[in-house]
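A structural walkthrough
The primary structure of each chain is shown beneath.
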Amino acid sequence: MIPHIARLIHKSLKPRRKALKPATLKDLQVIRRALADCVGDCQGLQAQRLHLKIASAASAQDLWMLRNDAYLVISQQHNQGIAAERINQLLHAFDGWVE
């Protein structure tokens, strides 16, 4: 019984991913540009605040966390369908930089 349980546990354990390398300034700029372009046609105070947050983000993870803010701004200016479409188009910009 114990060997069977041990096999099940061993199979369920996955090797840990290697730590992601930190994004360079050039990489961050590419991600920033993609996120800023995503909300580029949005106006208002929330959009301005979001642009400031995008410009001051220190890491790819910080930019990743701003997707929700971008979704809210876009959905207020347009609709939820357009917001979801734009946010989904951003995913390729984050490939390899966030888990």
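Note: the structure precedes this text.
Treat the numbers as computed from the prediction; the structure is a model and nothing was measured.

1. What about helix α6 (residues 80–90)?
Working note: α-helix, 3.6 residues per turn, so residues spaced by three or four point in the same direction. Those residues of α6 that sit buried are A83, R86, I87 and L90. Taken end-on, α6 shows its buried residues confined to a sector of 95°, consistent with a single buried face. Those residues of α6 that are buried are in contact with α2 (25–38) and α5 (67–77). N-cap assignment for α6: the residue whose side-chain oxygen lies 2.9 Å from the backbone N of G81 is N79.

2. Comments concerning the side chain of R32
One can find R32 in helix α2. At 7.6 Å, D62 is the nearest oppositely charged side chain to R32, a buried residue that forms no salt bridge. Ignoring sequence-local partners within four residues, the contact set of R32 consists of I54, A55, A57 and L63.

3. Section: the environment of A60
Here A60 is to be found in helix α4 (residues 60–65). Among the residues examined, A60 registers a relative accessible area of 5% and is labelled buried. A C-alpha to C-alpha distance of 7.4 Å links A60 and F94, two positions 34 residues apart in sequence. Those residues within four positions of A60 in sequence are excluded, and the remaining contacts are A23, L28, I31, F94, W97 and V98.

4. Thoughts on the packing of α5 against α6
Between α5 and α6, the least distance of the axes is 8 Å, while the angle of their chain directions is 145°. The element α5 and its partner α6 pack so that their crossing is right-handed. Together, R67, A70, Y71, I74 and S75 of α5 and Q80, I82, A83, A84, R86 and I87 of α6 make up the contact between the two elements. Within the contact of α5 with α6, the residues separate by chemical class into seven nonpolar, two polar and two charged.

5. A word on the packing of α2 against helix α3 (residues 45–56)
Here α2 crosses α3 at 170°, and the two axes come no closer than 10 Å. Judged by the angle between their axes, α2 and α3 are roughly antiparallel. Contacts from R32, L35 and A36 in α2 reach H51, I54 and A55 in α3. Its residues placed into classes, the contact of α2 with α3 shows four nonpolar, one polar and one charged.

6. Notes on the pattern of salt bridges
What the rule picks out here adds up to three salt bridges. A salt bridge links R33 to D37; its shortest N-O distance comes to 3.2 Å. Of this pair, R33 and D37 both sit in helix α2, four residues apart, roughly one helical turn. The partner of R86 in a salt bridge is D41, with the nearest N and O atoms 2.8 Å apart. In this pair, R86 sits in helix α6 while D41 sits in the loop between α2 and α3, placing the two residues 45 residues apart along the sequence. A residue is classified by how much of its surface remains accessible, and D41, at 38% relative accessible area, is partly exposed.

Conventions and cut-offs
- Residues numbered from 1 in each chain as written.
- Predicted model: local features only at pLDDT ≥ 70, side-chain atom pairs only at ≥ 80, totals over all residues.
- Heavy atoms only, no water.
- Buried < 20%, exposed > 50% of the residue type's maximum accessible area, 1.4 Å probe, protein only.
- Helix = DSSP H or I, 4+ residues; strand = E, 2+ residues; numbered from the N terminus.
- Arc of directions from axis to C-beta.
- Contact = heavy atoms within 4.5 Å.
- Polar contact = N/O pair within 3.5 Å; in protein donor to acceptor, adjacent residues only side chain to side chain.
- Lys, Arg positive; Asp, Glu negative; His and termini not counted.
- Salt bridge = Lys/Arg side-chain N within 4 Å of Asp/Glu carboxyl O.
- Axes fitted to C-alpha atoms, helices over the stretch in contact; angles between N-to-C directions.
- Left-handed = near helix turned anticlockwise from the far one by under 90°.
- Nonpolar A, V, L, I, M, F, W, Y, C, P; charged D, E, K, R; others polar.
- Parallel < 35°, antiparallel > 145°, perpendicular 65-115°, else oblique.

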